[in-house]
Amino acid sequence: MTATEAAPRKRFYTQLWFWVIVGIVLGVVFGLVAPDSAKGAKWLADGFIQMIKVIVAPVIFCTVVVGIASIGNLARAGGLALKALFYFLVATVVALTIGLLAANVFAPGSGFTGQPSATALESAAKQVDQGAQDAGFTGFILNDLLPTSFLGPFVDNEVLRVLVLAILTACSVSLLAAPLRRRVVGSIETIAKVIFGIIKLIMWAAPVAAFGGMAYTVAQFGASSLTNLVKLMGVFWGTCAFFVVAVLGLVSWWAGFNILKVIRLIKDELLIIVGTSSSESVLPRLLTKLEAAGASKQTVGLVIPTGYSFNLDGTCIYLTLGALFIIQAGNESLPIGLQIGLALLMVLTSKGAAGITGAGLVTLAASLQAFGGEFFSAEAIAVGIALIIGIDRVMSEGRALTNCIGNVVATLVIARWNGELDRERLKAVLDDPSLVDEAMELEHGSGDGEADTDTEELTREPVAVGARTGSGNGHEIAGEGTGTAPSPAGRAAERDGETHESLR
């Protein structure tokens, strides 16, 4: 019996999810009872997201470099990347198509008679100006994808550019001699551990951020109860739910696991997203949890960070649905041929919308400006964005939740596809999510003072069956060619051993 299996269950009030729920409930009550004061609590959520954004770029850089370079074979790493990008492309097309279908079937903007407020129009103008800077294929390549310096993308938290730098760095490290490559990878992994230590401290504020975010959302939404906007929200959330249960559920069934059990596994992370309206806040936790659930470090380290820019299912649904809502609200109709053309354009523009609160609104404005035409003049876009902006935060939560679930499913499916998923381990974890608790506490802490004891137990635990023993490269995939992966205890022991070796 491993240390993970022997660990006693913790009381519910020591778990992060419990206190996030408490924060959400109190925020809802505060927003209803004192809406004017509750609007001022938004800074609590904004401050938390701002702190999370500080470490997102370093986390993505470190995990992608370790994920690719630890494979030690560029051809193999390239094969994994191509499979991931192919999956992302198919998922994007499906999500955009479902958004179009939902907009045409339910027509949430049809019969709209309301007018945006002056404040909303002013805010929309800023979104349109920002979106105009990113419009077009050339603008995407130069302004979003290619770095202008090595440190600049880290300073400005530009996820796509950090991803490009990480891939280039990983390819360079992969070409080094094996002993030197292991030392470099070990050093980067040590830096990642320090960053994860910072995350432990920041996550203490998650319940407070959830309180502030929900208080603001409830207070703000109370004044925006126009029938068509409520209908738009209902259609959007319903479409996201359909996509998760039907589309991702079918994909999960094909890959041999249950989507509802996957959602149960990541319920803590989903609750944090509900409170903060940002999927970036849970990226580091997903890395640890999916590896502990049986996916190889290489697959997790490549797919999750890449998916945060290239696999945004909820954002894709939002883009096509929002675009047609604006058309319908103006009492116009967009021919099916132009709808298809708009969706094809959004296949590209959706890749610039990282999981930051409000990024979907900017991306929508950029997409409509890039499409142009009589239906999407600058004035029409400004009015349309102004109509949506009042409820965007509520829709942002739906985007972030769907994006998160989509990336988790993508990671497990691609790991299975690539033969790097311990299916027995995954089945056990999905049946009993508490099996990953110790790995999560080791990396992210729970605030109950037990982390040090758990760490000592893990370092004393022998490497589990499936993990490589001896003096081999611990970064190589355990049981290579057999599709197996080490247990969390084995991976923890490997990580500690690799770090010590790299420092010698």
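Residues numbered from 1 in each chain as written. Predicted model: local features only at pLDDT ≥ 70, side-chain atom pairs only at ≥ 80, totals over all residues. Heavy atoms only, no water.

Notes on the overall build of the protein
Thought 1: Of regular secondary structure, the protein possesses 25 helices and 0 strands.
Thought 2: Within the protein, the proportion of its 504 residues that are buried is 55%. (Helix = DSSP H or I, 4+ residues; strand = E, 2+ residues; numbered from the N terminus. Buried < 20%, exposed > 50% of the residue type's maximum accessible area, 1.4 Å probe, protein only.)

Digging into the side chain of Ser 252
Thought 1: By secondary structure assignment, the location of Ser 252 is in helix H12 (residues 227–255).
Thought 2: We classify Ser 252 as buried; its relative accessible area is 0%.
Thought 3: Residue contacts for Ser 252: discarding those within four places in its chain leaves Phe 257, Ile 259 and Val 409. (Contact = heavy atoms within 4.5 Å.)

Structural notes on the packing of helix H5 (residues 74–106) against helix H16 (residues 297–310)
In helix packing, the relevant descriptors are the interaxial angle and the interaxial distance, both defined with respect to the helix axes.
Thought 1: Taken N-terminus to C-terminus, the directions of H5 and H16 make an angle of 35°; their axes are 10 Å apart at the nearest point. The crossing of H5 and H16 is right-handed. In contact with Ala 77, Leu 80, Ala 81, Ala 84, Leu 85, Phe 88 and Thr 92 of H5, H16 contributes Gln 298, Thr 299, Leu 302, Val 303, Thr 306, Gly 307 and Phe 310. (Axes fitted to C-alpha atoms, helices over the stretch in contact; angles between N-to-C directions. Left-handed = near helix turned anticlockwise from the far one by under 90°.)

Topic: the packing of aromatic side chains
One pair of aromatic rings is described through two measures. These are the centre distance and the angle between the planes.
Thought 1: If you walk through the whole model with that rule in mind, you get 8 aromatic pairs.
Thought 2: Ring centres 6.1 Å apart and planes at 80° place the aromatic pair Phe 236 and Tyr 318 in the edge-to-face group. You can see Phe 236 sitting in helix H12 and its partner Tyr 318 sitting in helix H17 (residues 313–329), a full 82 residues away along the chain. Assigned by exposure class, Phe 236 and Tyr 318 land together as buried.
Thought 3: An aromatic cluster is present here, built from Phe 61, Phe 150 and Phe 154 joined pairwise through their rings.
Thought 4: Taking the ring centre of Tyr 318 as reference, the NZ or CZ of Arg 399 above it sits at 4.1 Å. (Phe/Tyr/Trp six-rings, centres within 6.5 Å; stacked < 30°, edge-to-face > 60°. Lys NZ or Arg CZ within 6 Å of the ring centre and 35° of its normal.)

As for the environment of Ile 263
Thought 1: Mapping Ile 263 onto the fold places it in helix H13 (residues 259–265).
Thought 2: Overall, Ile 263 belongs to the partly exposed group, its relative accessible area being 23%.
Thought 3: When the C-alpha positions of Ile 263 and Val 408 are compared, they lie 9.2 Å apart, and in sequence the two are 145 residues distant.

Focus on the pattern of salt bridges
Thought 1: All told, the structure shown has 7 salt bridges when counted by the stated rule.
Thought 2: Notably, a salt bridge pairs Lys 261 with Asp 431, separated by 2.8 Å at the nearest N-O pair. Of this pair, Lys 261 sits in helix H13 while Asp 431 is found in helix H22 (residues 423–431), placing the two residues 170 residues apart along the sequence.
Thought 3: Given a relative accessible area of 38%, Asp 431 falls into the partly exposed group.
Thought 4: Here Glu 269 and Arg 285 are joined by a salt bridge, their closest N and O atoms 2.9 Å apart. Here Glu 269 is found in helix H14 (residues 267–276), whereas its partner Arg 285 is found in helix H15 (residues 283–292), with 16 residues between them in sequence.
Thought 5: What makes Glu 269 buried here is its relative accessible area of 0%. (Salt bridge = Lys/Arg side-chain N within 4 Å of Asp/Glu carboxyl O.)

Here's the deal with helix H10 (residues 178–202)
Thought 1: In a regular helix each residue adds 1.5 Å, so 25 residues correspond to 36 Å; H10 covers 36 Å between its end C-alpha atoms and thus fits that length.
Thought 2: All of the buried residues along H10 are Arg 181, Val 185, Gly 186, Ile 188, Glu 189, Ala 192, Ile 195, Phe 196, Ile 199 and Ile 202. (Expected span 1.5 Å × (residues − 1).)

A short note on unusual backbone geometry
Thought 1: Even without glycine at this site, Ala 107 takes up a positive phi of about 45°.
Thought 2: Among the structural elements, Ala 107 can be located in the loop between H5 and helix H6 (118–132).

Observations concerning the environment of Met 440
Thought 1: With respect to the helices and strands, Met 440 occurs in helix H23 (residues 437–444).
Thought 2: Residue Met 440 is classed as buried on the basis of its relative accessible area, which comes to 8%.
Thought 3: Here the alpha-carbon distance between Met 440 and Thr 288, two residues 152 residues apart in the chain, equals 6.4 Å.

Side note on the confidence of the model for the protein
Should pLDDT be low for a region, the predicted coordinates there are not to be read in detail.
Thought 1: When pLDDT is averaged along the protein, the result is 75; 72% of the residues meet or exceed 70.
Thought 2: The lowest-confidence element of the protein is helix H24 (residues 451–460), averaging 40 in pLDDT; the highest-confidence one is H13, averaging 95.
Thought 3: When the criterion is pLDDT under 50, residues 1–7 qualifies, and its contacts beyond four places in sequence or with other chains add up to 12 contacts. (pLDDT = per-residue confidence, 0-100.)

Section: the UniProt feature "transmembrane region" (unreviewed entry) in the protein
Thought 1: When the UniProt feature table is mapped onto this chain numbering, "transmembrane region" (unreviewed entry) sits at residues 12–34, 54–72, 84–107, 159–180, 201–223, 235–257, 342–365 and 371–391.
Thought 2: Counted over residues 84–107, helix gives 96% and strand 0%. Its end C-alpha atoms are 34 Å apart. (UniProt positions renumbered as here; feature names shortened; annotations may be inferred.)

What to know about the nonpolar core
Thought 1: Among the nonpolar cores identified, the biggest contains 126 residues, and Tyr 87, Phe 257, Leu 364 and Leu 412 are the most heavily contacted of them.
Thought 2: Filtering out sequence-adjacent residues up to four positions away, Leu 412 remains in contact with Phe 257, Val 262, Leu 290, Ala 295, Leu 421 and Leu 426.
Thought 3: Core analysis: the second largest hydrophobic core is formed by 5 residues, Ala 38, Ala 41, Ala 215 and Ala 219 among them. (Core = buried A, V, L, I, M, F, W, Y, C linked by side-chain atoms within 4.5 Å.)

Considering the environment of Ser 309
Thought 1: Tracing the backbone through its elements, the reader meets Ser 309 in helix H16.
Thought 2: The sequence separation of Ser 309 and Asn 403 amounts to 94 residues, and the corresponding C-alpha distance is 10.0 Å.

Focus: the packing of helix H9 (residues 159–174) against H16
Thought 1: The interhelical angle for the contact between H9 and H16, taken along N-to-C directions, is 140°, at an axis separation of 9 Å. By crossing handedness, the relation of H9 to H16 is classed as left-handed. Contacts between H9 and H16 involve Val 159, Leu 160 and Leu 163 on the former and, on the latter, Thr 306, Ser 309 and Phe 310.
Thought 2: Across the contact of H9 with H16, the residue classes break down as 4 nonpolar, 2 polar and no charged. (Nonpolar A, V, L, I, M, F, W, Y, C, P; charged D, E, K, R; others polar.)

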